[in-house]
Amino acid sequence: MNANATNSYHSNAFVNWYFVMKAVGLKKDIPGLFLEDIAKPEIQKKDDVLIRIISTAIDGTDFSLLKNHLVDAPEKEDFLTLGHEMIGRVEAVGSGVHTIAVGDLVTPTNRRGCGICSACAENMSDYCYTGLYKEHGIHFLHGYLTEYAVSQEQYCVKMSEEDIALGVWVEPMSIAIKAFDEMLRIQLRAPSSCIHPEHNWDQPRWQGCKRALVLGAGPLGFLGTLWLRAHDIETYVLEVVPEDSIKVKMIKKLGAHYVDGKSFTPKKIMEAIGHVDVIFEATGASDVALAFIEMMSRNSVYLLMGVPRAQENKVCFDVNAILRHIVRQNQVILGSVNSNAEHFRKAAEFLRFIQKRFPGMLEKGITNRFALEQFEEAFSFTDGERLKIVFDISKP
């Protein structure tokens, strides 16, 4: 990790420092994390929105990019600013912007469409057909671990002043919201596993007699648990961290049951729990994910959220047995990634409800706060010591 006074964007040695800002990110040719002086973005198009960043959170994706030195920098650049979870205040807008005004509090989505396929044309780039999308802080676009960013009107979701504490949770919550929305649509195919018709999936009280297993209690697993418990679903959360860790303490406060992943096999766990209607996988560990596919209950849905890295250890399993199991028991395995502005709006609304249902829970979920210059310390925490890490970049 390093703090560097060079400017990655300018070959000109004479930099106008008024137009320079600090950014934390990765370099293509040098492993590690760097604090760089980069060019402050400007309004260039009619629909552009200039945002002064208030807070940016980091998650497992940022840690993975650093650990594996994965640097998809913007074209003709060798530096990628990290961070894709942000809330900020609008400082300027393009001449064609009508729904966003200077002073508004906003959180922008992070994926930008390919400009080719039908999904991206409808502002649903999370379903991009070509795979030629870009993502802020991940894939060919600079992220939000910096002081300013430019987005476009259609990607900015307005927040209320009371939402400042919620802003960094909106992006990851939107991913969980999308997955659960898809689960609910899929499960309309069958009645509930219980004998109560009022608990069928198409009924207002559908959540009755439902049971869920969440794999992993990191930020996404925590939010998945939050959604399930907000709907009064009996929820079990598997983790491998000690029971006195912050992650386990948080899920217990939500009324979920902790399952020690080191002490029990997947078979023993599923036998003890009984019928599980949905498994929400948020570990990114292929061995864990595959082990529980074999244990799925009849007519259940498996929401696969984690993204294992290619260089991780290979996992062997009985493909024939798994395929027989899926077909004979009407099971669905659904991969879900990213989200769009509509999911962001739903997430913001849901988080406001959570503030009332579980007061103070989201604030407690932010376990660490840092200034931008403390980036080395922020990225040094081990998995068991953190839940949500936030950089406070400017005053609200």
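Conventions adopted
- Residues numbered from 1 in each chain as written.
- Predicted model: local features only at pLDDT ≥ 70, side-chain atom pairs only at ≥ 80, totals over all residues.
- Heavy atoms only, no water.
- Phe/Tyr/Trp six-rings, centres within 6.5 Å; stacked < 30°, edge-to-face > 60°.
- Buried < 20%, exposed > 50% of the residue type's maximum accessible area, 1.4 Å probe, protein only.
- Helix = DSSP H or I, 4+ residues; strand = E, 2+ residues; numbered from the N terminus.
- Lys NZ or Arg CZ within 6 Å of the ring centre and 35° of its normal.
- Patch = residues over 30% accessible without salt bridge, like charges linked within 9 Å, V, L, I, M, F, W, Y side chains within 5 Å.
- Areas by Shrake-Rupley, 256 points an atom, 1.4 Å probe, with all protein chains shown as cover.
- Salt bridge = Lys/Arg side-chain N within 4 Å of Asp/Glu carboxyl O.
- Pairing = 2+ DSSP bridges.
- Axes fitted to C-alpha atoms, helices over the stretch in contact; angles between N-to-C directions.

S.K.: I would appreciate a short explanation of the packing of aromatic side chains in the present structure.
M.R.: Within a pair of aromatic rings, the relevant descriptors are the distance that separates the centres and the angle that separates the planes. Considering all chains together, one arrives at nine aromatic pairs under this definition. Measuring from ring centre to ring centre gives 5.6 Å for tryptophan 201 and tryptophan 206, while their planes differ by 20°; the resulting arrangement is stacked. Residue tryptophan 201 shares its accessibility class with tryptophan 206, and that shared class is buried. On the basis of an interplanar angle of 40° and a centroid distance of 6.3 Å, the ring pair of phenylalanine 350 and phenylalanine 353 is categorised as tilted. On the criterion of helical spacing, the pair formed by phenylalanine 350 and phenylalanine 353 is a turn pair, its members being three residues apart in helix α9 (residues 341-357). By relative accessible area, which is 10% here, phenylalanine 350 ends up buried. Clustering of aromatic rings is evident, with ring pairs tying together Phe180, Trp201, Trp206, Trp227 and Phe280. When the ring centre of phenylalanine 34 is taken as origin, the NZ or CZ atom of lysine 27, which lies over that ring, is 4.7 Å away. The residue whose ring lies beneath arginine 386 is phenylalanine 63, and the NZ or CZ to ring-centre distance is 3.9 Å.

S.K.: Help me understand a nonpolar patch on the surface in this model?
M.R.: Residues Val315, Phe317, Val319 and Leu323 make up a contiguous nonpolar surface patch of about 310 Å² in total accessible area. Position of phenylalanine 317 relative to the elements: it lies in the loop between β17 (301-304) and α8 (319-328). The exposure class assigned to phenylalanine 317 is partly exposed, which follows from its relative accessible area of 36%.

S.K.: Just to check I follow, could you spell out the sheet that holds strand β18 (residues 332-335) for this structure?
M.R.: Sheet strands pair via backbone hydrogen bonds, and the direction of the pair is either parallel or antiparallel. Strand order across the open sheet formed by six strands is β15-β14-β13-β16-β17-β18, with parallel pairing between neighbours. Edge positions in the sheet fall to β15 (257-260) and β18, since each has one partner strand and no second. Each neighbouring strand pair of the sheet contributes to a mean axis angle of 20°, computed without reference to strand direction. Relative to β18, β17 is paired through four bridges, and the arrangement is parallel.

S.K.: Sorry if this is basic, but what is going on with the sheet that holds strand β8 (residues 111-112) here?
M.R.: Taken in spatial order, the three strands line up as β8-β9-β10 in an open sheet, and their pairing is mixed. Only two strands of the sheet have a single neighbouring strand rather than two, namely β8 and β10 (140-141). With two bridges joining them, β8 and strand β9 (residues 134-136) adopt antiparallel strand pairing. Within the sheet, the bridge partner assigned to arginine 112 lies in β9 and is lysine 134.

Just distances and angles here, no functional claims.
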